[in-house]
Amino acid sequence: MSDLGPESFSPSEGVAGAPEQLSEDAKQRFAAAAAAMKAIQHEEKRSKKRDTRVARTIVQFLNDDRYAHLFVLISRLVARDCPSVFILAILSLISDDCRGVVQEYLREMGQKSDRETIDESMRLMKTGDLDAETNRALVEWITRMQMVLSLETVPILTRLMVDEHNLDGTVLQLTTFVLQAFFCLPEGGAKEVPFEKLHSLSASILQSVFEPFMDSVDRKFLQKKTPDADGDDEHA
C-alpha cells in the first residue's frame, strides 16, 4: 500500500472547494437523497434491519444544510454500492448521530467500543499542533473506520478500490471535507483550515485505515476492474 498517498487518489473536479454549489441547488440534494434511498431499498431486500437503520441515518445527515457540499460525494459512494456503515464511519467525526449508529453497529457485531480498542502505538496524530482532546477524537475516528473495515473488508475494498493500489478519489475528497468541518467545531479547535492543507493528512489517515486489510482482497478481481466499470470510476 506504499503507493497510497495524495498522488494515488484521483479527486474529481473541484478539489479546492465544494464539488458543486449544492447549497444553492436543491436538485443536487434530491439526487443525493434519492441515491441513499435506493441503497436503503437494496438493503431492505436483503432483510438486514441494521443496514437499513444505517442507511436511514445517511438520509438524515443529508437534511443538514451545514454539509450540503458533501451530498454529491456521499451519493457517489452510494452509487458505488459502498457499504453504508463505512460512509457513516467517515461522517462520524462530525455527526453525533452517525457516530452513535456506528458504535451501535460495532456493539451488535460483538466489537468493543472505539475507545477500548485504540492502538496505543498509533502516533499518526501525535503532533504539537493538536491538543489532547482533538488528538483523541481523531484517533477514535480512525479506529472506528478500521473496526468497520475489519468487519466489512471485502465489500468495502472491492467497491472502493479502482485497481490494485488506488482508492476511488471520492473517498479522499469526502474525508478531507469531513476533516475540514471537524476543525471548525469546538472539539476540533474552532479554526478554519484550508482544504489544500488537509489533503496530505487525509491521505495519510486513509493509508493507515486501509493498509492493514489490503491482503484480504483478491488482487485478480481488482486487476479486472476497468474505468467506468461502475459508471463513474476514477483512476489516479
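In this text, all values refer to a predicted model and were calculated from it rather than measured experimentally.

How each quantity is defined
- Residues numbered from 1 in each chain as written.
- Predicted model: local features only at pLDDT ≥ 70, side-chain atom pairs only at ≥ 80, totals over all residues.
- Heavy atoms only, no water.
- Salt bridge = Lys/Arg side-chain N within 4 Å of Asp/Glu carboxyl O.
- Helix = DSSP H or I, 4+ residues; strand = E, 2+ residues; numbered from the N terminus.
- Buried < 20%, exposed > 50% of the residue type's maximum accessible area, 1.4 Å probe, protein only.
- Axes fitted to C-alpha atoms, helices over the stretch in contact; angles between N-to-C directions.
- Left-handed = near helix turned anticlockwise from the far one by under 90°.
- Contact = heavy atoms within 4.5 Å.
- Nonpolar A, V, L, I, M, F, W, Y, C, P; charged D, E, K, R; others polar.
- Core = buried A, V, L, I, M, F, W, Y, C linked by side-chain atoms within 4.5 Å.
- Phe/Tyr/Trp six-rings, centres within 6.5 Å; stacked < 30°, edge-to-face > 60°.

Undergrad: What am I meant to see in the pattern of salt bridges here?
TA: When charged atoms on two side chains of opposite charge get close, those side chains can pair. Per the counting criterion, the structure on display carries four salt bridges. Between arginine 99 and aspartate 96 there is a salt bridge whose closest N-O contact spans 2.2 Å. In this pair, arginine 99 and aspartate 96 both sit in helix 5 (residues 96-108), three residues apart, roughly one turn of the helix. Residue classification places arginine 99 among the partly exposed residues on the basis of a relative accessible area of 23%. Linking glutamate 140 and arginine 136 is a salt bridge whose minimum nitrogen-to-oxygen distance equals 3.2 Å. In this pair, glutamate 140 and arginine 136 both sit in helix 6 (residues 132-151), four residues apart, roughly one turn of the helix. For arginine 136, a relative accessible area of 41% corresponds to the partly exposed category.

Undergrad: Sorry, what's going on with the packing of helix 3 (residues 71-79) against helix 8 (residues 169-184) here?
TA: When two helices pack together, their arrangement is given by the angle between the helix axes and the distance between those axes. Relative to each other, helix 3 and helix 8 sit at 145 degrees, their axes nearing to 10 Å. Crossing hand, helix 3 versus helix 8: left-handed. Between helix 3, through Leu73, Ile74, Arg76 and Leu77, and helix 8, the contact on the second element is made entirely by Thr170, Val171, Gln173, Leu174 and Phe177. Class assignment of the residues belonging to the contact of helix 3 with helix 8 gives a composition of six nonpolar, two polar and one charged.

Undergrad: Please explain the environment of lysine 197 as it appears in this structure.
TA: Its location among the elements puts lysine 197 in helix 9 (residues 195-210). The class of lysine 197 is exposed, set by a relative accessible area of 64%. On a C-alpha basis, the gap between lysine 197 and threonine 176 in space is 9.4 Å, while along the polypeptide they are 21 residues apart.

Undergrad: What exactly am I supposed to notice about the nonpolar core here?
TA: The tendency in soluble globular proteins is for nonpolar side chains to be buried side by side. Formed by 62 residues in total, the largest nonpolar core has its most connected members in Leu70, Ile74, Ile94 and Phe210. Contributions of two or more residues to this core are made by helix 2 (49-61), helix 3, helix 4 (84-91), helix 5, helix 6, helix 7 (153-160), helix 8 and helix 9. Here this core takes nine residues from helix 8, the largest share from any one element.

Undergrad: What is the right way to read the packing of helix 8 against helix 9 from this model?
TA: Where helix 8 meets helix 9, the closest approach of the two axes is 8 Å, and the angle between their N-to-C directions is 115 degrees. Note that helix 8 runs across helix 9; the crossing there is right-handed. When helix 8 is examined against helix 9, the residues Val171, Leu172, Gln173, Thr175, Thr176, Phe177, Leu179, Gln180 and Phe183 are found in contact with a partner set consisting of Phe195, Leu198, His199, Leu201, Ser202, Ala203, Ile205 and Leu206. A breakdown of the residues in the contact of helix 8 with helix 9 according to their chemical character gives 11 nonpolar, six polar and no charged.

Undergrad: Explain the packing of aromatic side chains here, please?
TA: The way to describe two aromatic rings as a pair is by their centre distance and the angle between their planes. A full pass over the atoms with the stated rule returns four aromatic pairs. Measuring from centroid to centroid gives 5.1 Å for phenylalanine 61 and tyrosine 67, while their planes differ by 5 degrees, and the two rings are stacked. The buried category is assigned to phenylalanine 61, whose relative accessible area is 6%. Residue classification places tyrosine 67 among the buried residues on the basis of a relative accessible area of 5%. Residues phenylalanine 86 and phenylalanine 210 carry aromatic rings whose centres are separated by 5.7 Å and whose planes lie at 75 degrees to one another, so their mutual orientation is edge-to-face. Here phenylalanine 86 is found in helix 4, whereas its partner phenylalanine 210 is found in helix 9, with 124 residues between them in sequence. Like phenylalanine 210, phenylalanine 86 is buried.

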